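For reference, the chains in residue letters:
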Amino acid sequence: MAANNGAIKLVAGNSNPQLAQGIADYLKTPLTKAQVRRFADMEIFVEIQENVRGADTFVIQSTSFPTNDHLMELLIITDALRRSSASRITAVIPYFGYARQDRKPGPRTPISAKLVANLITHAGANRVLTLDLHAGQIQGFFDIPTDNLFASPEMTRDIKERFDLSKVAVVSPDVGGVVRARGLAKRINAPLAIIDKRRERAGESEVMNVIGEVGGHVCILVDDIVDSGGTLVNAADALLKEGATEVYAYITHGVLSGQAVARITASRLKELVITDSIQPTEAVRAARNIRVLPIATLIGEAIARTAKEESVSSLFD
Ligand code: R5P
């Protein structure tokens, strides 16, 4: 669909060109010609090569690995648009990096998620559109309107197509993720279980208690981020030990740092399903048990609704 008489402008950073193109295709709006390049010392230089004066602009950029470079690109593109008299700038951040630093874990530590929110706002963003924030409260770190989309409708559709729902149990891999997992369990009318990780004494290994009935069930782990893969691999082992027949995982953001892909490939996880909020590497695409669910349609539709001042939350009714 064409949004707002074509008056919107989509500007892509370098973090996820495939997703940006998918969004542009959905909106039938070409990506705005722009150059985002480096000087010899790796400073970032941006040039918007089309008129954007008075335009409703959307900058598409995940602050994924290399996080600091991609964040800086987002800030500099936003500054370029502001100085080019764009009427409104929406930072579309499918994966919001630094989100896990959303509180002080100890004395004399930063709240980096808040700092990043300040930087994006001060660069000139008027709105933020993001997906499955690590904690919903991060919306409050921005003093500009922030829409937090959910991948769960896409995941629910996929799960309904692939599983006999009468055999499924949804599992949160930690206590912090219960709200997210409960939401998905409700959508597919499945029971919920929770993994409670505990280190009884310092220096002893973590004990994983499974709360809820998983024996004889196909377990679907639900979380926002898979990073090293450790949480998922350990959770899969704990569930199989408790009698689960198979373990799958649906995780929004495939951060997949370091040896994560190898760890997951070698694990007892039947399949890990991630979205393309972070551009999948070749290794991710080649992995035998990792599958990518595209989210360009969801983000494209949210952009179209934002441009037309229509409800975004009704996407999730
Ligand atoms: C933590 O609170 C997040 O929701 C994820 O569970 C965590 O980031 C996963 O990390 P890893 O894959 O390194 O265990």
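Reading the values: the criteria
Residues numbered from 1 in each chain as written. Predicted model: local features only at pLDDT ≥ 70, side-chain atom pairs only at ≥ 80, totals over all residues. Heavy atoms only, no water. Pairing = 2+ DSSP bridges. Helix = DSSP H or I, 4+ residues; strand = E, 2+ residues; numbered from the N terminus. Axes fitted to C-alpha atoms, helices over the stretch in contact; angles between N-to-C directions. Contact = heavy atoms within 4.5 Å. Phe/Tyr/Trp six-rings, centres within 6.5 Å; stacked < 30°, edge-to-face > 60°. Buried < 20%, exposed > 50% of the residue type's maximum accessible area, 1.4 Å probe, protein only. Domains from an automatic or database assignment. Buried area = accessible area lost by both parts, 1.4 Å probe. Salt bridge = Lys/Arg side-chain N within 4 Å of Asp/Glu carboxyl O. Polar contact = N/O pair within 3.5 Å; in protein donor to acceptor, adjacent residues only side chain to side chain. Expected span 1.5 Å × (residues − 1).

Judged by pairing direction, the sheet is mixed, and its 7 strands sit side by side in the order 10-9-8-11-12-13-14 without closing on themselves. The strands lining the two open edges of the sheet, one partner per strand, are strand 10 (207–211) and strand 14 (290–293). Each neighbouring strand pair of the sheet contributes to a mean axis angle of 25°, computed without reference to strand direction. Pairing of strand 12 (residues 246–254) with strand 13 (residues 271–275), which is carried by 4 bridges, proceeds in the parallel orientation. Bridge pairing in strand 13 places Ile-251 opposite Ile-274. Contacts between helix 4 (residues 152–162) and the sheet are confined to strand 11 (218–226), strand 12, strand 13 and strand 14, with strand 12 contributing the most and set at about 155° to the helix.

Turning to the packing of aromatic side chains, a few remarks are in order. For the structure shown, the criterion picks out 4 aromatic pairs. Centroid distance Phe-39 to Phe-45: 5.5 Å. Interplanar angle 40°. Geometry classified as tilted. The exposure class assigned to Phe-39 is partly exposed, which follows from its relative accessible area of 38%. For the pair Phe-96 and Phe-142, a centre-to-centre distance of 5.8 Å together with 65° between the ring planes defines the contact as edge-to-face. Taken together, the positions of Phe-96 in the loop between strand 5 (88–93) and helix 3 (112–123) and Phe-142 in the loop between strand 6 (127–131) and strand 7 (146–149) put the pair 46 residues apart, joining distant regions of the chain.

Taken in spatial order, the 5 strands of this open sheet run 1-4-5-6-7, and their pairing is parallel. The strands lining the two open edges of the sheet, one partner per strand, are strand 1 (8–12) and strand 7. Strand-to-strand twist of the sheet, defined as the mean angle between neighbouring strand axes without regard to direction, takes the value 20°. Across 5 bridges, the pairing between strand 4 (residues 56–60) and strand 5 is parallel. Across the sheet, residue Thr-57 finds its bridge partner in strand 5, namely Ile-89.

For the rest of this paragraph, the subject is the domain arrangement of the protein. If you check the domain split of the protein, you get domain 1 (8–149 + 296–316) and domain 2 (152–293). Relative placement of domain 1 and domain 2: their C-alpha centres are 28 Å apart. Counting residues at the interface gives 16 residues for domain 1, matched by 16 residues for domain 2. For the pairing of domain 1 and domain 2, the buried interface totals around 1,400 Å² over both sides, and the portion due to carbon and sulfur atoms is 47%. When the buried surface of domain 1 facing domain 2 is broken down by residue, Tyr-95, Arg-100 and Asp-132 rank first, second and third, together holding 36% of it. Along the contact surface separating domain 1 from domain 2 lie 1 salt bridge. The closest approach of N and O atoms between Arg-100 and Asp-227, which form a salt bridge, is 2.9 Å. Viewed at the interface, domain 2 and domain 1 are joined by 13 residue pairs in polar contact (both at pLDDT 80 or more). For the side of domain 1 that touches domain 2, the element with the most residues is helix 1 (residues 17–27), which contributes 3 residues.

What follows concerns helix 2 (residues 67–83). Between its first and last C-alpha, helix 2 extends 24 Å over 17 residues, near the 24 Å set by a 1.5 Å rise per residue. Taken together, the buried positions of helix 2 are His-70, Leu-71, Glu-73, Leu-74, Leu-75, Ile-77, Thr-78, Ala-80 and Leu-81. Turning to helix 2, the residues buried within the fold contact strand 1, strand 2 (34–38), strand 3 (44–48), strand 4, strand 5 and helix 3. Ser-85, located one to two residues past helix 2, shows a positive phi value of around 65°.

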